[in-house]
Amino acid sequence: MPDDLMQSNAIMQPGQLLARGVCRHLRAMDFVCVEELVPARGLRVDVMALGPKGEVWVVECKSSRADFQSDHKWQGYLEWCDRFFWAVDGDFPTELLPDETGLILADAYDAEIVRMGPEDTLAPARRKVLVQKFARTTAMRLQALRDPTAGLG
């Protein structure tokens, strides 16, 4: 496996590879992304993207039929974003995915939005909470990269 698909000396899992391609594509659209963000207790989204106008997108990465069928929480993510997408690879049976959600085809290097998720605008108070979680999560992760022992005391 190429070195760019290694993460902390471990091979990235299929869902992480999809997330990487999604994040690269969204970055080209002027979005910034954070992976594995917890918007509320009991929920963990694969990718949360923040757009240049403050829009919040959630992308759930599914690497197989079994992965999708075992996800019983995805509808709980809808109230935490302006748009919701599934990200899958080219071999995924896309007919399983609900038509009323967005669809992104991805691999480890890039992605393509095939179907735009419908817009359901967040309430301003919820948007503020999410943007703060996004910023704090990202800042804490960056600090941990720069100083891995900070906060362990």
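Below, the structure is looked at part by part. (Residues numbered from 1 in each chain as written. Predicted model: local features only at pLDDT ≥ 70, side-chain atom pairs only at ≥ 80, totals over all residues. Heavy atoms only, no water.)

Looking only at helices and strands, the protein has 3 helices and 8 strands in total. Its helices and strands in sequence order give the protein the pattern β-β-α-β-β-β-α-β-β-β-α, from N to C terminus. Over its C-alpha atoms, taken along the principal directions, the protein stretches across nearly 50 × 45 × 30 Å. Counting every position in the protein, which comprises 153 residues, the buried fraction comes to 41%. Excluding contacts between residues fewer than 6 apart, the proportion of contacts in the protein whose partners are at least 24 apart in sequence is 53%. Carbon and sulfur atoms provide 52% of the accessible area of the protein, an area that totals close to 9,000 Å². With 18 positive and 23 negative side-chain charges, the protein shows a separation of 9 Å between the mean positions of the two kinds. (Helix = DSSP H or I, 4+ residues; strand = E, 2+ residues; numbered from the N terminus. Buried < 20%, exposed > 50% of the residue type's maximum accessible area, 1.4 Å probe, protein only. Contact = heavy atoms within 4.5 Å. Areas by Shrake-Rupley, 256 points an atom, 1.4 Å probe, with all protein chains shown as cover. Lys, Arg positive; Asp, Glu negative; His and termini not counted. Charge placed at Lys NZ, Arg CZ, Asp CG, Glu CD.)

Here we come to the pairing of strand 8 (residues 111-115). Looking along a regular strand, one sees side chains alternate from face to face of the sheet. As paired elements, strand 7 (residues 102-106) and strand 8 share 4 bridges and run antiparallel to each other. Each bridged residue has a counterpart across the sheet, and for Leu105 the counterpart in strand 8 is Glu112. Linking two consecutive strands that pair antiparallel, namely strand 7 and strand 8, is a turn of 4 residues. (Pairing = 2+ DSSP bridges.)

The next point concerns helix 3 (residues 124-146). Its 23 residues place the ends of helix 3 33 Å apart at the C-alpha level, agreeing with the 33 Å of an ideal helix rising 1.5 Å per residue. In this structure, the buried side of helix 3 is in contact with strand 3 (32-37), strand 4 (45-50) and strand 5 (56-61). (Expected span 1.5 Å × (residues − 1).)

Once that is clear, we can look at the packing of aromatic side chains. Using the criterion set out here, one finds 7 aromatic pairs in the structure. Measuring from ring centre to ring centre gives 4.3 Å for Phe31 and Trp57, while their planes differ by 35 degrees; the resulting arrangement is tilted. You can see Phe31 sitting in the loop between helix 1 (14-28) and strand 3 and its partner Trp57 sitting in strand 5, a full 26 residues away along the chain. Across this residue pair, the class does not change: Phe31 and Trp57 are buried. Plain terms: the ring middles of Phe84 and Trp86 are 5.1 Å apart, the flat faces sit at 90 degrees to each other, and that makes the pair edge-to-face. Ring pairs connect the aromatic residues Phe68, Trp74, Phe84, Trp86 and Phe92, which therefore count as one cluster. In this structure, Arg126 packs its charged tip against the face of Trp80, placed 3.7 Å from the ring centre. (Phe/Tyr/Trp six-rings, centres within 6.5 Å; stacked < 30°, edge-to-face > 60°. Lys NZ or Arg CZ within 6 Å of the ring centre and 35° of its normal.)

Before going further, it helps to examine the sheet that holds strand 5. Strands in a sheet are paired, the pairing made by backbone hydrogen bonds, and the direction either parallel or antiparallel. Spatial strand order, 3-4-5-6-7-8: 6 strands in an open sheet with mixed pairing. The open sheet is flanked by strand 3 and strand 8, the only strands paired with a single partner. Strand-to-strand twist of the sheet, defined as the mean angle between neighbouring strand axes without regard to direction, takes the value 30 degrees. Helix 3 rests against strand 3, strand 4 and strand 5 of the sheet, and its axis sits at about 85 degrees to strand 3. (Axes fitted to C-alpha atoms, helices over the stretch in contact; angles between N-to-C directions.)

In this structure, Asp30 takes a positive phi of about 75 degrees despite not being glycine. Even without being glycine, Glu36 reaches a positive phi, approximately 55 degrees. Locating Glu36 in the fold gives a position in strand 3. Judged by relative accessible area, Glu36 falls into the partly exposed class, the value being 40%.

Below, the discussion takes up the nonpolar core. Met48, Val56, Val58, Tyr77, Phe84 and Leu97 are the most contacted members of the largest nonpolar core, which has 23 residues in total. When contributions to this core are tallied by element, the ones reaching two or more residues are strand 3, strand 4, strand 5, strand 6 (83-88) and helix 3. Judged by nonpolar contacts, the second largest core, of 17 residues, contains Cys23, Trp57, Ala106 and Ile113. (Core = buried A, V, L, I, M, F, W, Y, C linked by side-chain atoms within 4.5 Å.)

By themselves, these are just geometric observations and shouldn't be taken as functional.
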